[in-house]
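Structural description and commentary
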Amino acid sequence: MIRVRRVYDPPEPGADGDGVRVLVDRLWPRGLAKARAAVDEWPKAVTPSAELRQWFHGGGGTAQEFRARYEAELAEPQAVAELDRLRALAAAGPVTLLTAVKDPEGSHAAVLAELLAR
């Protein structure tokens, strides 16, 4: 099971809870202490590149274009290896992809979750 949540939200309690908490943002979230974030993994190979983020947030294109460019970045060998490792983690138990964006379901984290679920 793969979930997407905001990194600012506290971890879900319980045996299953969030499982492995994976930060999928290139930069550390502003104003968040590492201990409070409870991040288990931070694989930068699967985060959008600085160039892609700047292009998109600078009004460079549509969400559909962003998705296509992000999926192309995720096809790079280092990203593919990291995706395979995250899939293995998800096969063993819950994985929660964490992002600082205000709308996680409409972000790169949702694209990543969808690719991992395939």
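Residues numbered from 1 in each chain as written. Predicted model: local features only at pLDDT ≥ 70, side-chain atom pairs only at ≥ 80, totals over all residues. Heavy atoms only, no water.

As for helix H5 (residues 108-117)
Because an α-helix completes one turn every 3.6 residues, residues spaced three or four positions apart along the sequence face the same direction. We apply this condition: Type-normalised accessible area, obtained with a 1.4 Å probe on protein chains alone, sets the label of each residue: buried when under 20%, exposed when over 50%, and partly exposed for intermediate values. Under the DSSP-based scheme used, a helix requires at least four consecutive residues in state H or I and a strand at least two consecutive residues in state E, with every element numbered from the N terminus. Residues are treated as being in contact if the distance between any of their heavy atoms lies within 4.5 Å. As used in this structure description, the phrase polar contact means that two N or O atoms lie within 3.5 Å; if the pair is within protein, one of them must be able to donate a hydrogen and the other to accept it, and residues adjacent in sequence are counted only when both atoms belong to side chains.
Of all ten residues in H5, eight are buried; the element is thus mostly enclosed. Buried-residue contacts for H5 involve strand E1 (2-6), helix H3 (63-73), helix H4 (77-92) and strand E3 (95-99). For H5, the capping residue at the N-terminal end is Ser107, with a side-chain oxygen 3.1 Å from the backbone nitrogen of Ala109.

Notes on the packing of aromatic side chains
What counts here: Put simply, two rings from Phe, Tyr or Trp (the six-membered ring, in Trp's case) pair if the centres are within 6.5 Å, and we call them stacked under 30 degrees between planes, edge-to-face over 60, tilted for the rest.
Inspection of every chain in the model, using the stated rule, returns four aromatic pairs. On the numbers, 6.4 Å between centres and 40° between planes, the contact of Trp55 with Phe56 is tilted. Here Phe56 and Phe66 contribute two aromatic rings whose centre-to-centre distance is 4.9 Å and whose plane-to-plane angle is 45°, an arrangement assigned as tilted. Taken together, the residues Phe56 in helix H2 (residues 50-57) and Phe66 in helix H3 connect sequence positions ten residues apart. You can call Phe56 partly exposed: its relative accessible area is 26%. Overall, Phe66 belongs to the buried group, its relative accessible area being 10%.

These results come straight from atomic positions and should not be treated as a statement about function.
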